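# A structural walkthrough
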Amino acid sequence: MSKPKGRAKVIPANPEAIFLPFQSRWIQDTSRLKLMEKSRQIGISWSTAYGADERAAAQGARFDEWVSSRDDIQARLFIEDCKLWAGIMNMAAQDLGEVVIDAKDKLTAYVLQFASGRRIHSMSSNPDAQAGKRGSRILDEFALNADQRKLWAIAYPGITWGGTMELISTHRGSYSFFNSLVKEAREKGNPKKISLHRVTLQDALDQGFLYKLQQALPADAEQQDMDEAAYFDFVRLGAADEESFDQEYMCIPADDDAKFLEYGLITGCEYSGGTDWQRGLEDPVQGRLYCGVDIGRKRDLTVLWVIEQLGDVFYTRHVEAMERMRKSDQEKVLWPWFARCDRICIDATGLGIGWADDAQDKFGEHRVEAVTFTAPVKEALAYPLRTAMEERALRIPDDAKIRADLRKVQKVTTMAGNIRFVAESTPDGHADRFWALALALHAGNTPSAPIDYMAVPTHPRGFDNLAAGRMADNFDRETTDVSLPEPRGW
């Protein structure tokens, strides 16, 4: 046996065991309903794939396994994990690839079939994909689903005739259905009889996670020089902010009461994994482009946010954050995008007035709107952003820094009853991405194109007075209302 790598202090009781104690407890739990609130990247989905293989491959297995993953990429990765375990355990399994499970709605799944005749179907998170299917359910990253309640409602009847249902997820806000299930099980008598598991990063480290990680990593990985305390700080300092760390790694849901945008609103508008959403300056687009710019120079970021309107939905096409760049260097980034966009809204507060003036001089005041951030203006920008998210009329990148920035804004009411929108300042900015996106939406919702209109008739009886006017001797085409045929029956 080779010498163990790394400086981990907590060594598992059986260093050769494949699974850590928290993983084994999860696999061995045969409860009809079980739920795991977990830290990110501690091997739970990997362990779940092992359990799915065991059930599907067992002689006399009665049920298929239906897996809901966050997106197509995760669905494929889950099947790859299942194939890995099948190979390790010498299970006879055939990879059937991508199979159509609903031709009408164009729903597909990645399928692994075992000698028992049972299959594991791994598909994306569309709740409708669960309809009409009997067998066990694995709902991975459940809290990231845009409609958690609907996913539960459709998936749960599928185990009526037998099988189990497993929910696995990190938290996504205190208002999420996932968190309501956790609270119901922990604090309200557990009426659904859910077997509840909870594993934080600290829990995993206390059970030997760092040791396992160091054996898997290359010998020169920086994590090899860390003990558990150092690794904990390494992960915490790498998170977008403290709220993100608490939620992603410590099973503490973000407080939606304290923030203007709930986590569910944000994640519900994020592109699914693998979506090619970005567009460059030379890339063709189908709709009209709009952009918003929040200006910063030394302390805060300058953020450019470009959206494309297709129908009634705004799709993010480019986001760029500029830190401590001179005005002239920022303009080298901004001006080419301004030239492509139909309308631009730019922060003209404080030093931003210089950027706004120069942009209006170059591109015209009809295309560039200078926006000064007063309390009423912030309110007028913030609420349409939230409404767009509520109506799913916006698509944004799946990005930790963007998510954290959108969460920074809080609505507070002063002693005088006035509403203010405030945000904490961190090294990653002062909610700069929030305001850049809000400005971009404002640009898209107030286009500069002329509004079609029809002149209001000036005659006392409106258009029907034209006929009489034409009969008069002093009829003047230049000053009389538009020429329209007299409708019959007037």
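All of the points below concern the structure found in this document. Each chain has its residues counted from 1, following the order in which its sequence is written. Given that this is a predicted model, residues contribute local features only at a pLDDT of at least 70 and side-chain atom pairs are listed and counted only at 80 or more, while totals for whole chains, interfaces and linings are drawn from all residues. The side-chain figures draw on all heavy atoms in the structure; neither hydrogens nor water molecules are used.

### A word on helix α13 (residues 375–390)
- Helix and strand assignments come from DSSP, with helices taken as H or I runs of at least 4 residues and strands as E runs of at least 2, each series counted from the N terminus. Each helix should span, by expectation, one fewer than its residue count multiplied by 1.5 Å. Between the first and last C-alpha of α13 there are 23 Å, a value that for 16 residues agrees with the 22 Å anticipated at 1.5 Å per step.
- The cut-offs for exposure are 20% and 50% of the maximum accessible area for each residue type, with area from a 1.4 Å probe on protein chains only; residues under the lower value are buried, those over the upper are exposed, and the others partly exposed. Residues of α13 that are buried: Leu381, Ala382, Leu385, Ala388 and Met389. Relative to the axis of α13, the buried residues are bounded by an arc of 125° and lie together on one face.
- Positive backbone phi, approximately 55°, marks Arg392, located one or two places after α13. The arc in question is traced by the directions running from the helix axis to the C-beta atoms.

### With respect to the packing of aromatic side chains
- Ring geometry is summarised as follows: Phe, Tyr and Trp rings, the Trp one being its six-membered ring, pair when their centres sit within 6.5 Å, and such pairs are stacked at plane angles under 30 degrees, edge-to-face over 60 and tilted between the two. For the structure on display, the rule yields 22 aromatic pairs.
- Through a chain of ring-to-ring contacts, the aromatic side chains of Phe142, Trp152, Tyr156, Phe177 and Phe178 assemble into a single cluster.
- Consider the ring centre and the ring normal. A charge sits over the ring if Lys NZ or Arg CZ is within 6 Å of that centre and within 35 degrees of that normal. Positioned above the aromatic ring of Trp26 is the side chain of Lys34, whose terminal nitrogen or guanidinium carbon lies 4.3 Å from the ring centre.

### Notes on the pattern of salt bridges
- By definition here, a salt bridge exists when the distance from a side-chain nitrogen of Lys or Arg to a carboxyl oxygen of Asp or Glu is within 4 Å. Inspection of the entire model under this criterion finds 33 salt bridges.
- The residue Arg236 makes a salt bridge to Asp233 at a minimum N-O spacing of 3.6 Å. Placement of both Arg236 and Asp233 in helix α8 (residues 228–238) is noted, with a separation of three residues, approximately one turn of the helix.
- Of the residues examined, Asp233 reaches a relative accessible area of 33% and is grouped as partly exposed.
- Note that Lys408 is salt-bridged to Asp405, the shortest N-O span being 3.1 Å. With Lys408 and Asp405 both in helix α14 (residues 400–408), this residue pair falls three residues apart, about one helical turn.
- Owing to a relative accessible area of 3%, Lys408 belongs among the buried residues under this scheme.

### Digging into the sheet that holds strand β5 (residues 119–123)
- At least two DSSP bridges between two strands are required for those strands to pair. Read from one edge to the other, the open sheet built from eight strands follows the order β3-β4-β5-β2-β6-β7-β1-β8, with strand pairing classed as mixed. Both edges of this open sheet fall to β3 (93–102) and β8 (195–199), since each of them pairs with a single strand only. Taking the axes of each pair of neighbouring strands and ignoring which way they run, one obtains an average angle of 15° across the sheet.
- With four bridges connecting them, strand β2 (residues 65–68) and strand β6 (residues 136–140) associate as parallel partners. Within β6, the position partnered with Trp66 by the bridge is Arg137. Helix axes are fitted only over the stretch in contact, all axes being lines through C-alpha atoms; the angle between N-to-C directions runs from 0 to 180 degrees.

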